[in-house]
Amino acid sequence: MNPGRGGLRAAIDAGRFVVTAEIGPPRGADPDAIAAKAELLRGWVDAANVTDNQGAHVRLTSLAGSLLAAQAGVEPVMQLTCRDRNRIALQSELIAAGALGVPNVLLLTGDHPVYGDHPDAKAVFDLDSLQLVWTARTLRERGRLLSGRTVEPRPQWLIGAVENPFAPPLRFRAARLGKKVAAGAEFVQTQFVFDVGVFQRWMGEVRDLGLPERCAVIAGVGPIRSLRACEFMRHKVPGIHVPDEVVRRLRGVPADRVAAEGQAICVETVRRLRETAGVAGVHVMAFGHERGVPEILYDAGLGEPVHVSDPAVSRAR
Amino acid sequence: MPDSPAAWPRPALPRLSARATYRLAPLLRPNPVYRRIAGWLERHPRALGWFTSAEKQSKEALFGCRMCGQCALPATGYACPMTCPKQLRNGPCGGVAANGDCEVYPGVTCVWVTAWERAEATGHGADLQKLQRPVDHRLTGASSWVQYWQGRDADLWTADGGLKITPTIFRTERT
């Protein structure tokens, strides 16, 4: 890995429209699972998030997953949540990521264990996501731990955060991102955008606060591939807002066309986000359907045509 | 979702209106008399125990207080962030339902939605933008009033530095 200046950082610095995706690590001790997913994304994305026990379900750890992704040629964004670790373990993980050359970290609160496969686990939440961003910035800029002790050499990762423009209190969401930027976030990825209108209203407030100049706003998108997935997202996943218009469109096509319609909605969303002032890129979350990501990017005009002849992509098409 | 265990903190709806709380709060503001009382209490452990217990009873009844010992209420519309199941001190998580309910306790309003509404309604919305420093777990169970009167609460939160400089995360600057 190239410590210091990652592809994501270079893209943000150059003002290029950023594309990130997601790689969920496997439950088994299988080093090839990540390589297989990375293979599908390589060349199409600036970086891919490696999730941290997503949804509070046990998986291979995100630091190891990040190394495996890097080995497979995809720059990782190591996710780190406050759910499972206290401030000692969080800082230790951040230093490890720095030493191993992980170029980007994404710091978040994390889903509560009641949603996962171990609802009997202790929820830690020693720091909150803003405090973790602040801790990371302090580590990198000042070379200090929360104890005040010095860290030398300092880690060099880019610091990311998340925000959900669709969850109440809506009028506080831009200000909440402002707090994370004040604490040190340099890029932010958002929850799935299915309601572009609500997103654009939030983005207006984000622009008014002057945040896009200090923090690259990367909008989350993804295809809804079935009516069942749609219902699941609407009712079972906290914080996802699927507007009625999207549901109507998915229900309005024959069953065998739902996936294609979901994909078309996703592509339209990406196109509209590209035209939204202040949006620095898109983060494509495909929920185990990584092979569909290149096609979405290609259809949205975000991929090099040369990649379409790639056998992996041809299969997907 | 499985039944939410009672063990997790549960968002509390304050019993006292925001307006009334903001009107009453100045009565607790530090002054030389309170500081002397606090100093005396700290020299008399048994009295401190009674005092702390009285503080706990009243704040538990009014705000669902969990005795973190470093009270954030003045900066959160007097809705206690420690009653959030994730104990978030800096605002709501991304899992708040469209109707404002907590993701862990459906049917219970997110404490940060409550905080936002109370702070906005009384003209204190800007308080929520302050950066809350990490909790000191050594103070769990301690009297936050004594801490407050002794001036040890002064650095619990800070302004955002105008986005130009990152404010220091340390409560007391270390060199």
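Enquirer: Residue-level account of the overall build of chain B, with values.
Expert: The helix and strand tally for chain B stands at 5 helices and 2 strands. Its helices and strands taken in sequence order, chain B reads α-α-α-α-β-α-β from the N to the C terminus. In terms of overall dimensions, chain B is globule-like: its C-alpha atoms have a radius of gyration of 17 Å, near the 16 Å expected for 175 residues. Taken along the three principal axes of its C-alpha coordinates, chain B extends 50 × 40 × 30 Å. Sorting the 175 residues of chain B into buried and exposed places 38% on the buried side. The contacts in chain B between residues at least 6 apart in sequence include a share of 66% that link residues at least 24 apart.

Enquirer: Describe in detail the overall build of chain A, supporting the description with residues and values.
Expert: Along chain A, the regular secondary structure elements total 12 helices and 8 strands. The C-alpha radius of gyration computed for chain A amounts to 19 Å, which stays within 12% of the reference 20 Å derived for 317 residues, consistent with globular compactness. A principal-axis box enclosing the C-alpha atoms of chain A has dimensions of 60 × 45 × 45 Å. Intrachain contacts of chain A at a sequence separation of at least 6 include 78% that bridge at least 24 residues.

Enquirer: Which residues make up the pairing of strand 1 (residues 18–23) of chain A, and what values go with them?
Expert: Residues and elements named next belong to chain A. Among the 6 residues in strand 1, 6 count as buried, and that is most of the element. Looking at chain direction, strand 1 and strand 2 (residues 47–50) are connected through 4 bridges and run parallel. Across the sheet, residue Ile23 finds its bridge partner in strand 2, namely Val50. For the crossover from strand 1 across helix 2 (residues 31–41) to strand 2, the handedness is right-handed.

Enquirer: A description of the interface of chain B and chain A should follow, citing residues and the corresponding values.
Expert: Taken together, the 34 residues of chain B in the interface contact 39 residues of chain A. For the side of chain B that touches chain A, the class distribution of residues is 19 nonpolar, 10 polar and 5 charged.

Enquirer: Kindly report on the packing of helix 6 (residues 173–183) of chain A against helix 7 (residues 196–208) of chain A, identifying the contributing residues and their values.
Expert: The relative placement of two packed helices is expressed as an angle between their axes plus a distance between the axes. Residue and element names in this part refer to chain A. Close contact between helix 6 and helix 7 brings their axes to 9 Å; oriented N to C, the two are set at 45°. On the basis of the axis angle, helix 6 is oblique to helix 7. Classified by chirality, the crossing of helix 7 by helix 6 is right-handed. Where helix 6 approaches helix 7, its residues Arg173, Ala174 and Leu177 are matched on the opposing element by Trp202, Glu205 and Val206.

Enquirer: Please set out the pairing of strand 7 (residues 216–221) of chain A residue by residue, giving values where relevant.
Expert: All names here are of chain A. In terms of burial, strand 7 is largely enclosed, as 6 of its 6 residues are buried. Residues Ala216, Ile218 and Gly220 of strand 7 are buried on one face, and the alternating residues Val217, Ala219 and Val221, pointing to the opposite face, are buried as well. Where the polypeptide runs from strand 6 (residues 187–192) across helix 7 and back to strand 7, its parallel neighbour, the crossover connection is right-handed. Pairing geometry for strand 7 and strand 8 (residues 279–284), over 5 bridges, is parallel. From the neighbouring strand, Ala219 faces strand 8, where its bridge partner is Val282.

Enquirer: Please provide a residue-by-residue account of the nonpolar core, values included.
Expert: Formed by 134 residues in total, the largest nonpolar core has its most connected members in Ala48(A), Ala69(A), Val105(A), Leu107(A) and Val133(A). Beyond its immediate sequence surroundings of up to four residues, Leu107(A) is in contact with Leu80(A), Ser129(A), Leu132(A), Val133(A), Ala136(A), Ile159(A), Gly160(A) and Ala161(A).

Enquirer: Provide a residue-level description of the environment of Ser66(A), including the pertinent values.
Expert: Residues and elements named next belong to chain A. Inspection of the secondary structure puts Ser66 in helix 3 (residues 62–71). Exposure remark for Ser66: the 31 C-beta atoms within 10 Å place this residue in the buried category. Expressed as a C-alpha distance, the spacing of Ser66 and Val105, which sit 39 residues apart in the sequence, is 9.9 Å. Excluding anything up to four places from it in sequence, Ser66 contacts Val50, Pro76, Met78 and Val102.

Enquirer: Talk me through the sheet that holds strand 3 (residues 76–81) of chain A; I want residue IDs and the actual numbers.
Expert: Residues and elements named next belong to chain A. Spatial ordering of the closed barrel is given by 1-2-3-4-5-6-7-8, a layout of 8 strands whose pairing is parallel. Geometrically, the sheet is characterised by an average inter-axis angle of 30° between neighbouring strands, direction not taken into account. The sheet strands contacting helix 6 are strand 5 (158–163) and strand 6, and the helix crosses strand 5 at an angle near 160°.

Enquirer: Break down helix 6 of chain A for me, citing the residues and quoting the values.
Expert: Within helix 6 of chain A, 11 of the 11 residues are buried, which leaves it mostly tucked inside the rest of the structure. Turning to helix 6 of chain A, its buried residues number three or more, namely Arg173(A), Ala174(A), Ala175(A), Arg176(A), Leu177(A), Gly178(A), Lys179(A), Lys180(A), Val181(A), Ala182(A) and Ala183(A). Buried-residue contacts for helix 6 of chain A involve helix 5 (129–142), strand 5, strand 6 and helix 7 of chain A together with strand 1 (131–132) of chain B. One or two residues past the end of helix 6 of chain A sits Gly184(A), with phi positive at roughly 130°.

Enquirer: Before we move on, can you summarise helix 7 of chain A with the specific residues and values?
Expert: Along an α-helix, residues three or four apart share an orientation, since each turn contains 3.6 residues. Residues and elements named next belong to chain A. Taking 1.5 Å of rise per residue, 13 residues should cover 18 Å, and helix 7 covers 18 Å from first to last C-alpha, within 8% of that figure. Where helix 7 is buried, its residues meet helix 6, strand 7 and strand 8. Directly after helix 7, the chain includes Gly210, whose backbone phi takes a positive value near 75°.

Enquirer: Explain the packing of helix 9 (residues 244–251) of chain A against helix 10 (residues 258–274) of chain A to me, and be specific about the residues and the numbers.
Expert: Residues and elements named next belong to chain A. One can describe the packing of helix 9 onto helix 10 by two numbers: an axis separation of 9 Å at closest approach and a directional angle of 145°. When the axes of helix 9 and helix 10 are compared, the crossing they make is right-handed. In this structure, helix 9 uses Val246, Arg249 and Leu250 to contact helix 10, whose residues at the interface are Val258, Glu261, Gly262 and Ile265. Class assignment of the residues belonging to the contact of helix 9 with helix 10 gives a composition of 4 nonpolar, 1 polar and 2 charged.

Conventions used here
Residues numbered from 1 in each chain as written. Chains lettered and ligands numbered in written order. Predicted model: local features only at pLDDT ≥ 70, side-chain atom pairs only at ≥ 80, totals over all residues. Helix = DSSP H or I, 4+ residues; strand = E, 2+ residues; numbered from the N terminus. Rg over C-alpha atoms; globule rule 2.2 N^0.38 Å. Buried ≥ 20, exposed ≤ 12 C-beta atoms within 10 Å, placed from the backbone. Contact = placed C-beta atoms within 7 Å. Pairing = 2+ DSSP bridges. Right-handed = clockwise from strand over helix to strand, strands pointing away. Nonpolar A, V, L, I, M, F, W, Y, C, P; charged D, E, K, R; others polar. Axes fitted to C-alpha atoms, helices over the stretch in contact; angles between N-to-C directions. Parallel < 35°, antiparallel > 145°, perpendicular 65-115°, else oblique. Left-handed = near helix turned anticlockwise from the far one by under 90°. Core = buried A, V, L, I, M, F, W, Y, C linked by C-beta atoms within 7 Å. Expected span 1.5 Å × (residues − 1).

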